[in-house]
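Chain residues, written in single-letter form:
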Amino acid sequence: MQLKIYNSLAGEKEIFKPILEGNIGMYVCGPTVYSNVHLGNVRTFLSFDFIYRSLKHLGYKVRYVRNITDAGHLTDDGDVNNDRFVKQTRLEKLEPMEIVQKYTVDFHKVLDLFNLLPPNIEPTATGHIVEQIELTQKLIEKGFAYESNGSVYFDVLEYNRRGLNYGELSKRNIEELFANTRDLDGQGEKKNPQDFALWKKASPAHIMRWNSPWGEGFPGWHLECTAMSTKYLGETFDIHGGGMDLKFPHHECEIAQGKACNDASPVNYWMHANMLTMNSQRMSKSTGNYILPMQLMTGENDFFEKPFHPSIVRFCFLQAHYRSVLDISNDAMLASEKGFIRLMEAIKVLNNIIPNDEKQSGFNLEEWKNKAYDALTDDFNSPVLIAHLFEAVKYIFALNDAKETISTKDFEELKSTLNALVFDVLGLQTIEENNNEKLDQTLKVLIELRNQARKSKNFDLSDQIRDKLLAEGIELKDGRDGTSYVLN
Ligand code: AMP
Ligand code: ZN
């Protein structure tokens, strides 16, 4: 079985060859934790979760690194007053690191709801300032960067002068880039408007600041990812992912930094996930065209006619290929809900089917399995994979109606293949499974509150918690290892 991956750098699907047989290093740009993630952000992270799960299922040992951007992401590279963290700090009257903590916790909670696996390493930009300073120094030494008024910029023209090609990923022509922006950019510090910041001098009001050889400042966003990816995956690694909107300038800059520093292309396969739209417009905080995951789940929004469970949202997202735009709508969600319920019903029904050893008719299991895996290995084609799953669903219902037969061997194989594809690879969860987890977490919180009440001798409250739960059929049991519960 050959895995094909669409490589944005090559502009086509390529046969995937890891650097080290059987192993994969994969880096995905993480969130900028200055506000709640919206559903569009979730789509990108979910696309890469599906890709990560698929790679593991295909037998690769994957080291998956996804960072947390907790400094340095400016809304506009030229203007230090547009630091997202500093702006939010003023708005919420919190310390920058309080903002970071608040939204990192939110990010993890949201991804948990959608059943995303955690990455193997989750480095933060502020935890890698030393590495970023070292890289900046190296770039200056090699003549690819220059200091200007306490900031350091990457010299894009010098990069191209040495035969390298700024624009190779985004297919932008540097001459055009220069022609289009020269007049618009009033940045006197840069030699050229396309030069990007590796290190920025902090103005007196800028509260996120670190010492450096160029005075107090903070790192540039593009350099963070180069520092963290190469530290944990090496100077050249297999896969780098992110949303389509990061291709330029973010990923273009990462390539330039990597090549300038190490004389090698940093990444073999660049993968870009496409955008989630709503009302046919890209979901985005800045335009106000967005919905938060919680608003979709609780139904507190004006867009959807009812609440939708995260498992249904996950299923809906996977019904589109990761490289296609997906427009979320009430109708799309309702259709996904129907499909999801039918798929889960089939899995339940399959468990109760009694195989017989008659030769089956109409459904060729081997052929079906091949088609499903062909879809998976054809650039992670989840919609085609799901379409094949529904062929199996049809067959299962026919089996249930005694209109089809299945041998014991095929029955076991169908069950294990279907379970692996649905639960391990697509990462779907039955609604009950997801709810039970939530219930478990809720009860742990209540048990904790009851313990606190007992400690402060508020026995009235602690008894109330116990009795009210009992009335709902949940019995708390106090033992030597603490309190557990039984659902009656
Ligand atoms: P940010 O926190 O702004 O760095 O974004 C986190 C991730 O979400 C990036 O990979 C973006 O490309 C991605 N993203 C932002 N908006 C959307 C959208 N509407 N649909 C899909 N992904 C998005
Ligand atoms: Zn990045």
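Note that the coordinates shown come from a computational prediction; the quantities given were computed from them, not determined experimentally. (Residues numbered from 1 in each chain as written. Chains lettered and ligands numbered in written order. Predicted model: local features only at pLDDT ≥ 70, side-chain atom pairs only at ≥ 80, totals over all residues. Heavy atoms only, no water.)

Q: Which parts of the structure should I look at to understand the sheet that holds strand β7 (residues 196-201)?
A: Remark on secondary structure: sheet strands pair via backbone hydrogen bonds, oriented parallel or antiparallel. With antiparallel pairing, the four strands of this open sheet are ordered in space as β5-β6-β7-β8. The outermost strands of the open sheet, each flanked by one partner alone, are β5 (145-148) and β8 (217-219). On average, each strand axis in the sheet is tilted by 20° relative to the strand beside it, whichever way the strands run. (Pairing = 2+ DSSP bridges. Helix = DSSP H or I, 4+ residues; strand = E, 2+ residues; numbered from the N terminus. Axes fitted to C-alpha atoms, helices over the stretch in contact; angles between N-to-C directions.)

Q: Explanation requested: unusual backbone geometry in the structure shown.
A: The phi torsion of most residues other than glycine is negative, and most of the peptide bonds are trans. Cis geometry is adopted by the peptide bond preceding Pro249, which originates at Phe248 and carries an omega value of 0°. By the secondary structure assignment, Pro249 is in helix α8 (residues 247-262). Within the chain, Ser280 stands out as a residue other than glycine whose phi angle is a positive 60°. Locating Ser280 in the fold gives a position in the loop between β11 (276-278) and β12 (281-282). The phi torsion at Phe380 lies on the positive side, around 55°, for a residue other than glycine. Along the polypeptide, Phe380 turns up in the loop between α12 (365-377) and α13 (382-400). For Phe380, a relative accessible area of 0% corresponds to the buried category. (Buried < 20%, exposed > 50% of the residue type's maximum accessible area, 1.4 Å probe, protein only.)

Q: Before we go on, may I ask you to explain the coordination of the zinc ion (ligand 2) in this structure?
A: Six octahedral donors around a metal ideally make angles of 90 or 180 degrees; four tetrahedral donors ideally make 109.5 degrees. At the metal site, the zinc ion (ligand 2) is ligated by Cys29 (SG), Cys225 (SG) and His250 (NE2), and these contacts range over 2.0 to 2.2 Å. Between consecutive donor residues of the zinc ion (ligand 2), the sequence gaps follow C-x195-C-x24-H. Remark: His250 occurs in helix α8 and Cys225 occurs in helix α7 (residues 221-233); sequence separation between them is 25 residues. Residue His250 is classed as buried on the basis of its relative accessible area of 1%. (Donors = N, O, S within 2.8 Å, 3.2 Å for Na, K, Ca; no water.)

Q: What should I look at first to understand the pairing of β5 in this one?
A: Sheet faces and side chains relate simply in a regular strand, where the side chains alternate between the two faces. Direction of pairing for β5 relative to strand β6 (residues 151-154): antiparallel, over a ladder of four bridges. Directly across from Ser148, in β6, lies its bridge partner Ser151. Hairpin connection between β5 and β6: a loop of two residues separates the two successive antiparallel strands, and Asn149 in this loop has a positive phi of roughly 55°.

Q: Help me understand the site of ligand 1 in this model?
A: Among the 16 residues in the neighbourhood of ligand 1, the closest are listed as Thr32, Thr44, Asp245, Leu276 and Met283. Between ligand 1 and Asn41, the relevant distance is 3.0 Å, taken from an oxygen atom to a side-chain nitrogen or oxygen of the residue. Taking Thr44, its side chain carries an N or O atom lying 2.6 Å from a nitrogen atom of ligand 1. For ligand 1, whose free accessible area comes to 490 Å², the fraction covered by protein is 93%. For the shell around ligand 1, the class distribution of residues is six nonpolar, eight polar and two charged. (Near = heavy atom within 4 Å. Polar contact = N/O pair within 3.5 Å; in protein donor to acceptor, adjacent residues only side chain to side chain. Areas by Shrake-Rupley, 256 points an atom, 1.4 Å probe, with all protein chains shown as cover. Nonpolar A, V, L, I, M, F, W, Y, C, P; charged D, E, K, R; others polar.)

Q: Would you mind going over the pattern of salt bridges with me for this structure?
A: Side-chain pairs of opposite charge can arise whenever the charged atoms involved come near each other. Counted under the stated rule, the structure contains 22 salt bridges. Where Arg53 meets Asp49, a salt bridge forms, and the shortest distance between an N and an O atom there is 2.9 Å. Within this pair, Arg53 and its partner Asp49 are both found in helix α1 (residues 39-57), separated by four residues, close to a single helical turn. Each of the two residues, Arg53 as well as Asp49, counts as buried. Across the pair Lys259 and Glu168 runs a salt bridge whose closest N-O atoms are separated by 2.9 Å. Of this pair, Lys259 sits in helix α8 while Glu168 sits in the loop between α5 (156-161) and α6 (174-181), and the two are 91 residues apart along the sequence. A relative accessible area of 17% places Lys259 in the buried class. (Salt bridge = Lys/Arg side-chain N within 4 Å of Asp/Glu carboxyl O.)

Q: Would you explain the domain arrangement of the chain in this entry?
A: Often, the extent of an interface is quoted as the loss of accessible area upon association of its parts. Domain parsing of the chain yields domain 1 (4-273), domain 2 (296-425) and domain 3 (435-487). Its C-alpha centre places domain 2 at a distance of 38 Å from the equivalent point of domain 3. (Domains from an automatic or database assignment.)

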